[in-house]
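Residue strings, one per chain:
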Amino acid sequence: MSQLPTSVPPAWRTLPSDREFTPEFLRLRDLVFEWTTDYYDREHLLRAGDWMLRLAPDAPEHLIIAALTHDLERSVPGGPVLDRVNMSWDDAEYNRAHCDRSAEVVSRWLAGHGASAEFVDGVQQPIREHEFGGSPTGDLIQAADSISFLECNGRLVAGWVTSGAITYAKGLEKLEWMRDRVRFEPARDEARRCFDLAVAEVDRQVALASDAGGSARQAAGTPDLTSARGVSRFVEANGIRLHFLEYGDGDNPDLVLVPGITSPAVTWEFVSLQLARDYHVFTMDVRGRGLSDHPTTGFTTPDYARDLAEALPALGLDRPLVVGHSMGAWIAAAFGALHRELRGPLIIADPPMTRPGGDAYFIPVESFERSIAEAKAGATAADMRPYFPTWTEEQLQQRAEWLPTCDVTAVTETWRMFHVESWLEWWRALEPPVLFLWGSDSPAVGPNGAGEAAEVNPAAEVAVVPGAAHMLPFDDLEGFLAPVREFAGRVTRQAVP
């Protein structure tokens, strides 16, 4: 069998379009998604199911369910415990107990949810073999498990290391074991690729924890996503690792949110959840923010646009509706102009109407630098209120918690680009369907900005959020959502000429 093409991860939770699946499988798969909602390592399990279909598109349905559930004994108290410090990762006694108990837990759960006896019997052997392999189906599930773990859990291993639970060497041993144990030969190159990415993530997290920025971030309270309702998705794009939060039903039209200069994805969750009622939403941590990589360069708008362009196919998205706000509006416009073959409908929301030789952006760069420094030093929600006096307490708390993840170089370089680049050239090149959305009181667009945008691109639609300033959904959530929903309802899945 030939090697798999590398660097082409499977689409997220997408079934092959050229294959029919039984109603029993589709019902059980949806129930598994519900079962794993609160499981700590959910992404790893779901990606194991994706990788199973990537490795073997004709895999039996029970083998796909086995891949999706293979670790779920860990969700039931009372199972075997691995001493990470004193035991080896390949400890035969522990791994056998883990595999056998998972097979029993999953088979009981399936039987209790009306699965046929044939289905229940079918999942048991591959789950019993998922750590060791040994049969053709065992080797497949072991490969899907290994690749998915390496793809998803660099941060998990890094957390063990940076918390002091294990040494760096022990963490590396875990990743090496997941790579080297793969018996299904066509999957080995993919395992090696994901291993390299996982090690790089561990190294990055260790460096962050040891430098001054990492120490300040820890002093302020390391942000996490335990309270977020979106599902984390990591993809490799444009040479870096990008993070998205995913919301909603995958059967709904796809929508991608690209926030502004100091707005990590989680700070837009209140918007994402509203849109997820009707759309399959992916909210982006732009490079240098949130849980995406923080490179030292690459902060021009075309750089950001290329990140988005390469992330979309990695996420399995085909011409989604892209909604960009502020800096994200520039990114969405550049993406649409420079990567036309990938673009769908666009909403350009309150872009800064700055240009070379024009007025400066309404927020001075020193204000960004000062607020980031204050957040890294442990600023509270109350400390954030002078910057955003109309925001809710929850929004201010998120701001205080996540602003330290905004790299100051990324922010200041982006601010500088507001005065070097001319976004209207990208805007001019955009063909419908495209909407320019602005706040009537926005200092970023100004009193004449919407008129200028309409003049530069008369084919675009224009809508206003009355009384809103620059932070449109924060100022008037329903006023922002109404034109977004109206436009999206008309144009989603509409082909771009």
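Draft legend 1. Quick look at helix H13 (residues 327-338). Here H13 contains 12 residues, and its C-alpha end-to-end distance of 16 Å stays within 8% of the 16 Å for a straight helix at 1.5 Å per residue. Burial analysis of H13 places 10 of its 12 residues in the buried class, the great majority of the element. Those residues of H13 that sit buried are Met327, Gly328, Ala329, Trp330, Ile331, Ala332, Ala333, Ala334, Phe335 and Gly336.

Draft legend 2. Structural detail: a negative patch on the surface. On the surface, Asp30, Glu34, Asp249 and Asp251 cluster together to form a negatively charged patch. Looking at where Asp30 falls in the secondary structure, it is placed in helix H1 (residues 23-35).

Draft legend 3. Quick look at the pairing of strand S4 (residues 280-285). Of all 6 residues in S4, 6 are buried, a share of seventy percent or more. Burial of the side chains of S4 extends over both faces: His280, Phe282 and Met284 are buried on one face and Val281, Thr283 and Asp285 on the other. Between the parallel elements strand S3 (residues 254-258) and S4, the chain passes through helix H11 (residues 269-275) in a crossover that is right-handed.

Draft legend 4. Summary view of the environment of Glu118. Among the structural elements, Glu118 can be located in helix H5 (residues 117-128). With a relative accessible area of 70%, Glu118 lands in the exposed category.

Draft legend 5. Up close: the pattern of salt bridges. A full pass over the atoms with the stated rule returns 25 salt bridges. Across the pair Glu452 and Arg355 runs a salt bridge, and its minimum N-O distance is 2.8 Å. Of this pair, Glu452 sits in helix H19 (residues 446-456) while Arg355 sits in the loop between strand S6 (346-349) and helix H14 (365-376); the two residues are 97 residues apart in sequence, bridging distant segments of the chain. When its relative accessible area of 22% is taken as the criterion, Glu452 is described as partly exposed. Take Arg355: its relative accessible area is 29%, and that puts it in the partly exposed class. Each of the salt bridges in this network shares a partner with another, and the network as a whole consists of Arg47, Asp50 and Glu151.

Draft legend 6. Spotlight on helix H6 (residues 136-152). Given a rise of 1.5 Å per residue, 17 residues ought to cover 24 Å, and the 24 Å separating the end C-alpha atoms of H6 matches this to within 8%. Burial of H6 is extensive: 15 of the 17 residues sit out of reach of the surface.

Draft legend 7. Quick look at unusual backbone geometry. Omega for the bond connecting Pro432 with Pro433 falls within 30 degrees of zero, at 5°, which places this linkage in the cis form. Inspection of the secondary structure assignment puts Pro433 in the loop between helix H18 (424-429) and strand S7 (434-439). For Ser326, which is not glycine, the phi torsion reads 60° and is therefore positive. Tracing the chain through its elements places Ser326 in the loop between strand S5 (321-325) and H13. The residue Asp350 is not glycine, and still its phi comes out positive at about 50°. Here Asp350 lies in the loop between S6 and H14. Taking relative accessible area as the criterion, Asp350 reaches 0% and is therefore assigned buried.

Here is what the cut-offs are and how they apply
Residues numbered from 1 in each chain as written. Predicted model: local features only at pLDDT ≥ 70, side-chain atom pairs only at ≥ 80, totals over all residues. Heavy atoms only, no water. Helix = DSSP H or I, 4+ residues; strand = E, 2+ residues; numbered from the N terminus. Expected span 1.5 Å × (residues − 1). Buried < 20%, exposed > 50% of the residue type's maximum accessible area, 1.4 Å probe, protein only. Patch = residues over 30% accessible without salt bridge, like charges linked within 9 Å, V, L, I, M, F, W, Y side chains within 5 Å. Areas by Shrake-Rupley, 256 points an atom, 1.4 Å probe, with all protein chains shown as cover. Salt bridge = Lys/Arg side-chain N within 4 Å of Asp/Glu carboxyl O. Lys, Arg positive; Asp, Glu negative; His and termini not counted. Charge placed at Lys NZ, Arg CZ, Asp CG, Glu CD. Right-handed = clockwise from strand over helix to strand, strands pointing away.

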